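Notes for the structure review
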Amino acid sequence: MSKDATMLWAPSPERVQHAQITAFAHRAERRWGVNLPDYRALHQWSIEHPEAFWAQVWDDCGVIGTRGDVIFVEGTEITAAQWFPEARLNFAENLLRRRDDTPALIFWGEDKQTLRFTWAELYRAVAQCAAALAEAGVGRGDRVAAYMPNHPHTVVAMLAATSLGAIFTSASPDFGVQGVLDRFGQSEPKVLYTVDGYWYNGKAIDIRAKVAEVAERLPSVERVVVTPYLSVSGGLPAAEFDGSLSSIPRAVSWANWLTPHEAVREIAFVRLPFDHPLYILYSSGTTGVPKCIVHRAGGVLLQHLKEHRLHTDVRSGDRLFYFTTCGWMMWNWLVSGLASEATLLLYDGSPFAREGRILFDLADAEGMTQFGTSAKFLDTAAKQGLAPIETHSLSSVRTVLSTGSPLAPEGFDYVYERIKTDVCLSSISGGTDICSCFVLGNPTLPVYRGEIQCKGLGMAVAVFDEQGNPVVGAKGELVCTQPFPAMPLGFWHDPDGKRYRAAYFERFPGVWTHGDYAEETPRGGFIIYGRSDATLNPGGVRIGTAEIYRQVEKLDEVVESLVIGQRWGNDERVVLFVRLRDGLTLDDALVQKIKETIRVNTTPRHVPAKVVQVPDIPRTKSGKIVEIAVRQVVHGEAVKNVEALANPEALEYFRNRPELAT
């Protein structure tokens, strides 16, 4: 067994016995007369008998609605498959199952504002908001957009819109005007929810001027509803708020939007087909205008119920947290936790406020049970020397979730050595494309260093070699060979589905090719090596970028890095860019140390031909580094959508570098 295959954690027999996935398997054995002795058998059954599996997910999770007798109809091609064609349901109705006085939402806006909504208060707010939307003419198929932080009003707006059968779409307030227009200009919302500003690392960021310009340039928007976030938390003078609305076309305050409907107490949920559009999510947009990916209500609901209850063991009364913005699909994943009757812990702002303690403070103060974050957060916390195992209790935390980029083996070490020893570390991987996961965690399986635990139930996941053959223990393309309920309906403004099929089904006909370079291990775990379109190819040998990042970023001198393949002669050479700790300069000794670290721990093919120091690394709003955009800049090509970047100015550090001319 290699070092990276070291078992870091195993669940206790009691945890396995009481896990919801264990009970699910036992019920499946009794109901369907099958023998499911372990997870591998359960997964195999779930893909060999998808009708039985997804019917049981619906029934066991208590989906509100009518299921119908037909579960699955196979199509002439994978995209034509139908799930639950007779079903009728409403997404919001399934998330608003409770109406009691226990907490549904707990919000921290850094250390500037705290809000709490009980289930009864949340239901009442959604009822009033839905009435306001209906009065504004919003109905089935209309779009409602949120240019919002991760705030309770965003959740209310989504639930109100989807209760009426409207389609919800969102972007975070750190997007620039063009980034918002590139997204909402395509989806054409009728109502836009927003704020006067937001907090980041203790600084108040006023976005009123941006909102005014967005509203001016989005002719589809008939109403702009503004929440006074900064104005009630000390970031702007409260007296200015009402007056400032006059600068925003068609604006109304959140309070005035709801006030005429204060007497409304009930929601007339519109039950719709399983395939009714629920969300429009957007691709990162770093290679052009973002793709508008349309997700179906029933598919998102069933997939998230499965992932929350079976793979994450989310229970009624749990305190579910994910550090996310409303521009990332993990926000949509998080809010579905309401369907499992979990209390959502919403956080907006810098994850490193209070000298890096704030998320761990939130965990202790609010009894967090699932701590969701990004691999980048864990890497940065490790480099900053944070050791919450010494400073915080974290006694309530059962699971740590990580996504956004591959979690290096050293990240696994950091969680168990510096955060908590007895915790299920679930590295998960999927994407905006499916608003969910292909491979993820399992509370009944061990955690091995550097590995995602398992394939998702009901997901026929495999790794294909160049010829389209499934391989184990070798690198290749992450694929899904069978239809699944959370496949998107398609792309907005793509009526014949041509762009949708080209995006996922051209590489291997009839098979979803996700675009990740991955490996399935013999025990059924997964390692993600990076995006396929960013894979390096020196001398015709494919190299995953994550393999290099892992080696480089464990060096104390390196804060973060980015690697590309530069066209050179008739081949490609590996170029590594590094951001060093403050005050350090890249010299020959450090270059050799970096190269030797890579050579010793990988292969000579991985060693970069050039190592170049840069002051910053460009990344998307959700924190993913953008290798493709950097590669375009290095080659003198245009980057089509810099508005998708959190720090677009960083691209200039890569342009016309003299080091890359020789």
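Quick summary incoming for the structure in this document. Treat the numbers as computed from the prediction; the structure is a model and nothing was measured.

Looking now at the overall build of the chain. Assigned secondary structure in the chain consists of 22 helices and 34 strands. Scaling as 2.2 N^0.38, a compact globule of 662 residues should have a C-alpha radius of gyration of about 26 Å, and the chain matches this with 24 Å. Seen along its three principal axes, the alpha-carbon backbone of the chain occupies a region of about 70 × 65 × 55 Å. Counting all 662 residues of the chain, 63% fall into the buried class. In the chain, of all internal contacts separated by at least 6 residues, the share reaching a separation of at least 24 is 72%. Accessible area for the chain stands at about 24000 Å²; split by element, carbon and sulfur atoms hold 49% of it. Counting 67 positive and 78 negative side-chain charges, the chain places the averaged centre of each group 1 Å from the other.

Before going further, it helps to examine empty space enclosed by the protein. Taken as a whole and judged by the stated rule, the model has one cavity of 30 Å³ or more. Each pocket or cavity is described by its volume, and for the largest cavity that value is around 60 Å³. For the largest cavity, the full set of lining residues is Leu 89, Asn 90, Phe 91, Thr 162, Gly 165, Ala 166, Val 270, Leu 272, His 276, Pro 277, Leu 278 and Ala 297. Looking at the lining of the largest cavity residue by residue, the class counts come to eight nonpolar, four polar and no charged.

The antiparallel open sheet is built from four strands, whose spatial order is 27-28-30-31. Strand pairing shows two members of the sheet lacking a second neighbour, strand 27 (461–464) and strand 31 (526–531), which therefore form its edges. Each strand of the sheet is rotated relative to its neighbour by a mean of 45°, with strand direction disregarded. Pairing of strand 28 (residues 475–480) with strand 30 (residues 512–520) involves five bridges; the strand directions are antiparallel. Residue pairing for strand 30: Lys 475 is matched across the bridge by Glu 519.

To summarise the sheet geometry, strands pair through backbone hydrogen bonds and adopt either a parallel or an antiparallel arrangement. Spatially, seven strands are ordered 7-6-19-18-20-21-22 in an open sheet, and the strand pairing comes out mixed. At either end of the open sheet lies a strand with only one pairing partner, and these are strand 7 (113–118) and strand 22 (424–427). The mean angle between the axes of side-by-side strands here comes to 15°, regardless of whether they run parallel or antiparallel. As judged from the four bridges shared by strand 21 (residues 399–403) and strand 22, these two strands associate in the parallel manner. Residue pairing in the sheet places Thr 399 in a bridge with Cys 424 of strand 22. Packed onto the sheet, helix 15 (residues 358–366) meets strand 6 (103–109), strand 7, strand 18 (319–322), strand 19 (343–348) and strand 20 (370–374) and runs at close to 150° relative to strand 6. Sheet strands in contact with helix 18 (residues 409–419) are strand 21 and strand 22, and its direction is about 155° off that of strand 22.

Before going further, it helps to examine the layout of surface pockets. What the second largest pocket holds in volume is close to 1100 Å³. What lines the second largest pocket is a set of 44 residues, among which Tyr 200, Pro 351, Arg 619, Lys 621 and Gly 623 lie closest to the centre. Listed by contribution, the elements that provide at least two residues to the lining of the second largest pocket are strand 11 (197–200), helix 16 (375–383), strand 32 (558–568) and strand 33 (571–580). The dominant element in the lining of the second largest pocket, judged by the number of residues it contributes, is helix 16, at four residues. For the lining of the second largest pocket, the class distribution of residues is 16 nonpolar, 15 polar and 13 charged.

One can find Asp 174 in the loop between strand 9 (167–171) and helix 8 (177–187). A relative accessible area of 29% places Asp 174 in the partly exposed class. The residues touching Asp 174, leaving out its near neighbours within four places in the chain, are Tyr 198, Lys 210 and Lys 621. One polar contact links Asp 174 to Ser 172, side chain to side chain, over a distance of 2.4 Å.

This next bit is on the nonpolar core. As a rule of thumb, nonpolar side chains are buried together in soluble globular proteins. Formed by 131 residues in total, the largest nonpolar core has its most connected members in Leu 133, Leu 159, Tyr 193 and Trp 257. When residues of this core are assigned to their parent elements, the largest contribution, 10 residues, is made by helix 6 (residues 119–135). Leave out the neighbours within four places in its chain, and Tyr 193 touches Cys 129, Leu 133, Val 144, Ala 145, Ala 146, Tyr 147, Met 148, Ala 157, Val 225, Trp 254 and Trp 257. With 36 residues, the next largest nonpolar core counts Ile 548, Leu 555, Val 558 and Leu 645 among its residues.

This part is about helix 18. By the criterion of burial, helix 18 is predominantly enclosed, with eight of the 11 residues buried. Buried within helix 18 are the following residues: Pro 409, Gly 411, Phe 412, Asp 413, Tyr 414, Val 415, Tyr 416 and Ile 419.

The next thing to look at is the pairing of strand 6. Most of strand 6 is tucked away, with six of its seven residues classed as buried. Two strands pair when backbone bridges link them, and strand 6 and strand 7 are joined in this way by six bridges, in the antiparallel orientation. Looking across to strand 7, one finds that Ile 106 is bridged to Arg 116. Adjacent in sequence and paired antiparallel, strand 6 and strand 7 are bridged by three residues, among which Glu 110 carries a positive phi angle near 50°. Pairing analysis gives five bridges linking strand 6 to strand 19, with the strands arranged parallel. Residue pairing in the sheet places Leu 105 in a bridge with Leu 344 of strand 19.

Attention now moves to unusual backbone geometry. Located in the positive-phi region is Phe 84, a residue other than glycine, with phi close to 45°. Tracing the chain through its elements places Phe 84 in the loop between strand 4 (82–83) and strand 5 (88–89). What makes Phe 84 buried here is its relative accessible area of 1%. Although it is not a glycine, His 493 adopts a positive phi angle of roughly 60°. With respect to the helices, strands and loops of the structure, His 493 is situated in the loop between strand 29 (490–491) and helix 19 (498–504). On the accessibility criterion, His 493 (51% relative accessible area) is exposed.

Moving on: the pairing of strand 10 (residues 191–195). Of all five residues making up strand 10, five are buried, and the element is well covered by its neighbours. Of the two faces of strand 10, the one holding Val 191, Tyr 193 and Val 195 and the one holding Leu 192 and Thr 194 are both buried throughout. Bridge count for strand 10 against strand 13 (residues 223–227) is five bridges, and the pairing is parallel. Of the residues in strand 13, the one forming a bridge with Leu 192 is Val 224.

All right, on to the environment of Gly 109 then. Position of Gly 109 relative to the elements: it lies in strand 6. Residue class for Gly 109 comes out buried when judged on its relative accessible area of 0%. Setting aside its immediate chain neighbours within four residues, Gly 109 contacts Tyr 229 and Asp 348.

Before going further, it helps to examine the side chain of Glu 560. Relative to the helices and strands, Glu 560 is located in strand 32. The class for Glu 560 is buried, based on a relative accessible area of 3%. A polar contact is formed between the side chain of Glu 560 and the side chain of Lys 376, at a distance of 3.0 Å. Look past the residues within four positions of Glu 560 in its chain and what remains in contact with it is Lys 376, Glu 553, Phe 577, Val 578, Arg 579, Asp 616, Ile 617 and Arg 619.

So, how was this worked out
- Residues numbered from 1 in each chain as written.
- Predicted model: local features only at pLDDT ≥ 70, side-chain atom pairs only at ≥ 80, totals over all residues.
- Heavy atoms only, no water.
- Helix = DSSP H or I, 4+ residues; strand = E, 2+ residues; numbered from the N terminus.
- Rg over C-alpha atoms; globule rule 2.2 N^0.38 Å.
- Buried < 20%, exposed > 50% of the residue type's maximum accessible area, 1.4 Å probe, protein only.
- Contact = heavy atoms within 4.5 Å.
- Areas by Shrake-Rupley, 256 points an atom, 1.4 Å probe, with all protein chains shown as cover.
- Lys, Arg positive; Asp, Glu negative; His and termini not counted.
- Charge placed at Lys NZ, Arg CZ, Asp CG, Glu CD.
- 1 Å grid on protein atoms, 1.4 Å probe; cavity = no way out; pocket = protein on both sides within 12 Å on 5 of 7 lines; lining within 4 Å.
- Points joined across faces, edges and corners; volume = space filled by probe spheres on them.
- Nonpolar A, V, L, I, M, F, W, Y, C, P; charged D, E, K, R; others polar.
- Pairing = 2+ DSSP bridges.
- Axes fitted to C-alpha atoms, helices over the stretch in contact; angles between N-to-C directions.
- Polar contact = N/O pair within 3.5 Å; in protein donor to acceptor, adjacent residues only side chain to side chain.
- Core = buried A, V, L, I, M, F, W, Y, C linked by side-chain atoms within 4.5 Å.

These values are about where atoms sit, not about what they do.
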